[in-house]
Structure formats: C-alpha cells, structure tokens
Amino acid sequence: MVSTLLVVVDGLRATDVRKMPFLTELARGGVSYRQARSVTPSLTRPAAASLASGAPPGVTGIPGNRLWADGHLIDTGRPDHLELLRSLRGGRLLPPPTLGEHLADHGRELVVVGTGSNGCTLLLNPGAADGHGAVIGTHPYDHDAFYAQPESVRRRLAGSLPQAADGPFPELGWATDLIVDYVIPELAPDVLVLWSGELDDVQHDNGVDGPVGDDALSEIDRRLRRLIDRVREQAPHTDVIVTADHGFSNATHTVDMAEMASLIPPSLADVVQLVDNNGGVLVYARQRLRTQQVDAILDAIMSAEWSGPVFAGGDVPGLLPPAELCSARSAADGLLAYVSLTYHDRLGNPRIGHSVRDGARYTGGHGSTSAADMRIPLVLNGPSFRTAHETPLPADHLDIPPTICRLTRLPVPPSMSGRILSEALLPGHRDASALPKARRVVAERDAADVTTAHFQHLAGRQYFLSADRHRS
Ligand SMILES: [Zn+2]
C-alpha cells in the first residue's frame, strides 16, 4: 500500500499556492513551510537528483540541467545522455545511495511517474534499471510511446497502454490513470512520486503573474485534486507531500553564450567550458589550470554586467565560498564556478531574471540565487502530520528523503545530509528553543560592488536562502 505520495510541481512558486484552491485546502489541513528552499542552483535536475538521494548537488554530481563531463556536454533531460554519464562514472549515475535503493534494501519499493523530461524521471530513481522500483516517463522514447525502467515494466505497459486523457495537460491525466489503474494495484509501491512538468513549460514560454500561467495553475490544481482523491480512495492513510523543484522569475534580458565566451581572455578560451543553465551558468575547466589562470577567468566573468553572485573557490574579491555546491567531487569534475545571473531591475524588483540559452529566448526562467527562484512551496498532509500548522522553520529538498524514511519507518542512511522534518510530524513538536539562527556572508569586490548571501542554521543544517549582488 502506498504510504507516501510525493508530488513535485515543476516551477511552482510558493506565492502561487494561494491561486490553487485544492492545494490551499491541503496546506490548511496539514503543515506548510514559509521558508522552504530549492537546492542551488535552483534548477530542475539538480533538485531531482537531490530528492532522489538526500545529498546536495556537489555530491550527486548533477549541478545543472546541462553539465560538462569528460569532454561531453550532458543534457540531463535525456536518458541516453544520462546513460553515457552513468558509464563515464563507472556504472553509477548518482554516487551516493538513493532512496529507491534504500527502500529496496528493506523490501520496499519506490515508483516514479513523471510528465517532465524522461531524464528527470530517471534521475528520481536511477536504480530502477537494476530493478530497484520503477520509473515511468510520459514522453516517447526510442520506439516506445513512453519511457519506462526496468524492462519488465516497459514490456507490461507496451502491451496495454491506457488511453490518452482529454483536455489540457493530457499527460497529467494519463499519469493519474496509470497510477490508479496500474501502478498502485500491480506494482504496489510503498513510496510513489509524481513529477508534473507542465507548469514549467508554460512559465518559460509565458512568464509568471499572467493569465496563461494562472490558467495553468488552476488546471494543475484540478488535476492534483483528482490524483490525490483517487489515490486516497485506494489507500486512505497515504501521507502526501507537495513541493516544487524551484521557483520562477520573469526574464527581461537574454545574455548570449557567445557574448559570455568573448569575455574569457583569448589565451584561456580553449580551456574554459561555459555551460548555460537558464538563470545560471556553470564554468568548467577542460584541463587542470593554475590558480592564476582560474583567477583570471573568474575576474573576467565577475566584471560582466550580467554577472550576479558567483560561487567559487579562490582569492578573487567578491566571490562567495562554494559551500555545498562545489564540493571536492565537483572540483575533480573540473567545475570552477556557478554564476547566478543578475536579477534586479532598476527598481530593485527581485522577480526579474535573465535567461541565457542562445537562440531560444524565454519569457520566464529560474536558476539564479534570487529568493524568487530559490523559494518553493512545501505542504505535508496526512495521518502522520500535524494539522493547520504553518511553520517559519527552514527546510529544503535534502530534508524530504530522511522524512520519507521516517514515514516508512526505515533508518536514515548516513549519506542523506538533511534532517527529519520532526516539527511537521505527530506526535511531539520541536521545542521553542530550536529556532533557526540567521547568518549573512558578505563578499566585497570593491566598496561599490557587494554580494550578500543569506543563510539560516537549524539542527546542524545550513540552509541557503538567497544571495544578492548590488553595484552602485
Ligand atoms: Zn524545473
């Protein structure tokens, strides 16, 4: 029987929950977090990999939707690219143990159904290929009408595909039917993940706070009600967690990759690989570089008008320490820096982002360190959770897998670096002394160019809230 249903609505902003009557109802009847955050960078597949493993992007080795690995540009939305990455990494796509594997070790099963990219669906349970649960993506793949792992599930579904649903977002209707008619009765997962990719597409094309985005929110809310009602008809005691991978901003500028690359000193142009990631850019070294060379590259990037907060190691003034993003593993991969694009307009409005994909201009985006991109909704509703409780405590993606371990009564593996969200659970509440401590990190390039990063600390964890760069 499904004990936990995790629903991820791609790109749903915390502030948009109020436009969704069902999700609002779910939040009122359960626990909601005012200060929940994405991983950094605030991008889809880094979040998926961290939800799959409970480890930060520096440890999963998925710091972007697109990344550079051993001379290959990997689009993590594509299963074939991920299989290449898996082979480059000696047979493991994500180095840390995953929730899917942990559940399988204890005779439980994780099944993921995703309407986002098939790569995103695979990243949520990469051990499915080896029979640790299953993943089912709704997009065509190879010669099939959809993507599925393991092979036994692919063959079973190829024989009797549910009819495509009608109306807007038919894949989401299809996914709900698939979950109710096939996944729950036949695969009997203990933990079920539904990833909805529709809103992200709509908001990239149309931006946020407009009629098209609002219509999409209403439609997804109706679909969520149908899904959760139908799952609870079959499994009334299911605990439900609803969250997002990242927030969203409206984009006002497009920074072309060629323009970015032209900033790199000519003598270093061949050894630097810039990888665009929407509101952020990853900077890789194609070969081992001297400290002086790295500093010259970072200095050139930081001087650009489009460059916002920059996370990197080194002595260049104005850099933020790499924290959890660029761990030792990332350094071994050649990742030098994560650059958030600037996101303030002249009025200081933080809901304005830049988008970088050359050729394809987006109206909306994410991937920056702005609070708008970093902040996500987190709603927990079900028999294990408190009711009518809104908490100011911080939480992020890394806390969700350990909390699912607690809900399924399994130990939390040491590789998961988040905490159990005990303040959300019944019985017993976190005592009042456990208040988060705020911390600011200030990095000055010069007196007129100051980057400030905001953190909260709670129960041994550091939560990155946002970072701003102000130039006067
Ligand atoms: Zn996303």
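Source: prediction; values computed, not measured.

Undergrad: Looking at this model, I keep getting lost on the packing of aromatic side chains. Mind explaining?
TA: Working definition: an aromatic ring pair is given by the centre-to-centre distance plus the angle between the planes. With the rule as written, the count across this model stands at 5 aromatic pairs. Consider the rings of Phe455 and Phe464, whose centres lie 5.5 Å apart with planes at 50 degrees: the pair is tilted. Just as Phe455 is buried, Phe464 falls in that class too. Sitting over the ring of Phe455, Arg439 keeps its end group 4.9 Å from the ring centre. Above the ring of Tyr463, the side-chain terminus of Arg461 is found at 4.5 Å from the ring centroid.

Undergrad: Looking at this structure, I do not really get the domain arrangement of the protein chain. What am I missing?
TA: Frequently, the measure chosen for interface size is the accessible area that the parts lose on association. Once the domains are mapped, the protein chain shows domain 1 (4-248 + 370-424) and domain 2 (252-361). Computed over C-alpha atoms, the centres of domain 1 and domain 2 are 28 Å apart. If you look at the interface, domain 1 gives 23 residues, while domain 2 gives 20 residues. Of the roughly 1800 Å² buried between domain 1 and domain 2, counting both surfaces, carbon and sulfur atoms make up 58%. Across the contact surface, domain 1 and domain 2 share 1 salt bridge. For Asp276, the salt bridge is made with Arg66, and the minimal N-O distance between the two is 2.6 Å. Applying the counting criterion to the domain 1 and domain 2 interface returns 3 residue pairs in polar contact (both at pLDDT 80 or more).

Undergrad: Please explain the pairing of strand S9 (residues 239-243) as it appears in this structure.
TA: Two faces belong to every sheet, and in a regular strand the side chains alternate between them. Of all 5 residues making up S9, 5 are buried, and the element is well covered by its neighbours. Burial of S9 is two-sided: the residues Asp239, Ile241 and Thr243 facing one way and the residues Val240 and Val242 facing the other way are all buried. Of the pairings in the sheet, the one linking strand S1 (residues 4-9) to S9 comprises 5 bridges and is parallel in character. Within S9, the residue paired with Val7 across the bridge is Val242. Sheet topology places S9 next to strand S18 (residues 378-381); 4 bridges connect them, and they run antiparallel. Its bridge partner being in S18, Val242 is matched across the sheet by Val379.

Undergrad: Whenever I open this one, the side chain of Asp177 confuses me. Can you help?
TA: Among the structural elements, Asp177 can be located in helix H8 (residues 170-187). Residue Asp177 is classed as buried on the basis of its relative accessible area, which comes to 16%. Excluding its chain neighbours within four sequence positions, the residues that come into contact with Asp177 are Tyr182, Arg226 and Arg230.

Undergrad: Please explain the pattern of salt bridges as it appears in this structure.
TA: Pairs may arise between side chains of opposite charge once their charged atoms sit close together. Scanning the entire structure with this criterion turns up 26 salt bridges. Here Asp16 ties to Arg13 by a salt bridge, and the two come within 3.1 Å at their closest N and O atoms. Comparing Asp16 with Arg13 shows no difference in burial state: the two are buried. Taking the shortest distance from any N to any O, the salt bridge between Asp399 and Arg461 comes out at 2.9 Å. Residue Asp399 is found in the loop between strand S19 (389-396) and helix H15 (400-407), and its partner Arg461 is found in strand S22 (residues 461-471); the two are separated by 62 residues along the sequence. With respect to burial, Asp399 and Arg461 carry one shared label: buried. A network of salt bridges, in which partner residues are shared, links Arg13, Asp16, Lys19, Asp209 and Asp214.

Undergrad: Which parts of the structure should I look at to understand the coordination of the zinc ion?
TA: Coordination of the zinc ion by the protein involves Asp10 (OD), Thr44 (OG1), Asp245 (OD) and His246 (NE2), with metal-donor separations of 1.9 to 2.1 Å. The coordination sphere of the zinc ion comprises 4 donor atoms, whose angles at the metal cover 89 to 141 degrees; the geometry is irregular.

Undergrad: Looking at this structure, how should I read helix H12 (residues 291-302)?
TA: For an α-helix the count is 3.6 residues per turn, leaving residues at separations of three or four pointing the same way. When the terminal C-alpha atoms of H12 are compared, their 16 Å separation across 12 residues agrees well with the 16 Å that a helix rising 1.5 Å per residue should span. Taken together, the buried positions of H12 are Gln293, Val294, Asp295, Ile297, Leu298, Ala300, Ile301 and Met302. Summarising the contacts, the buried residues of H12 are in contact with strand S11 (272-277), strand S12 (280-285), strand S13 (307-312), strand S14 (335-341), strand S20 (437-446) and S22.

Undergrad: Even after reading the chapter, I still don't get the sheet that holds S22, so can you show me in this structure?
TA: Whenever strands of a sheet pair, they do so through backbone hydrogen bonds, lying parallel or antiparallel. Taken together, 3 strands build an open sheet; the order of strands is S20-S21-S22 and the sheet is antiparallel. For this open sheet the edge positions go to S20 and S22, each flanked by a neighbour on one side alone. Along the sheet, successive strands turn relative to each other by an average axial angle of 15 degrees, direction set aside.

Undergrad: I would appreciate a short explanation of the sheet that holds S13 in the present structure.
TA: Within the open sheet, the 4 strands sit side by side as S11-S12-S14-S13. Their pairing is antiparallel. Of all the strands in the sheet, the pair left with one neighbour each is S11 and S13. On average, adjacent strands in this sheet sit at an angle of 20 degrees to one another, irrespective of strand direction.

Scoring rules and cut-offs
Residues numbered from 1 in each chain as written. Predicted model: local features only at pLDDT ≥ 70, side-chain atom pairs only at ≥ 80, totals over all residues. Heavy atoms only, no water. Phe/Tyr/Trp six-rings, centres within 6.5 Å; stacked < 30°, edge-to-face > 60°. Buried < 20%, exposed > 50% of the residue type's maximum accessible area, 1.4 Å probe, protein only. Lys NZ or Arg CZ within 6 Å of the ring centre and 35° of its normal. Domains from an automatic or database assignment. Contact = heavy atoms within 4.5 Å. Buried area = accessible area lost by both parts, 1.4 Å probe. Salt bridge = Lys/Arg side-chain N within 4 Å of Asp/Glu carboxyl O. Polar contact = N/O pair within 3.5 Å; in protein donor to acceptor, adjacent residues only side chain to side chain. Helix = DSSP H or I, 4+ residues; strand = E, 2+ residues; numbered from the N terminus. Pairing = 2+ DSSP bridges. Donors = N, O, S within 2.8 Å, 3.2 Å for Na, K, Ca; no water. Tetrahedral: all angles 85-135°; square planar, octahedral: opposite > 155°, others 65-115°. Expected span 1.5 Å × (residues − 1). Axes fitted to C-alpha atoms, helices over the stretch in contact; angles between N-to-C directions.

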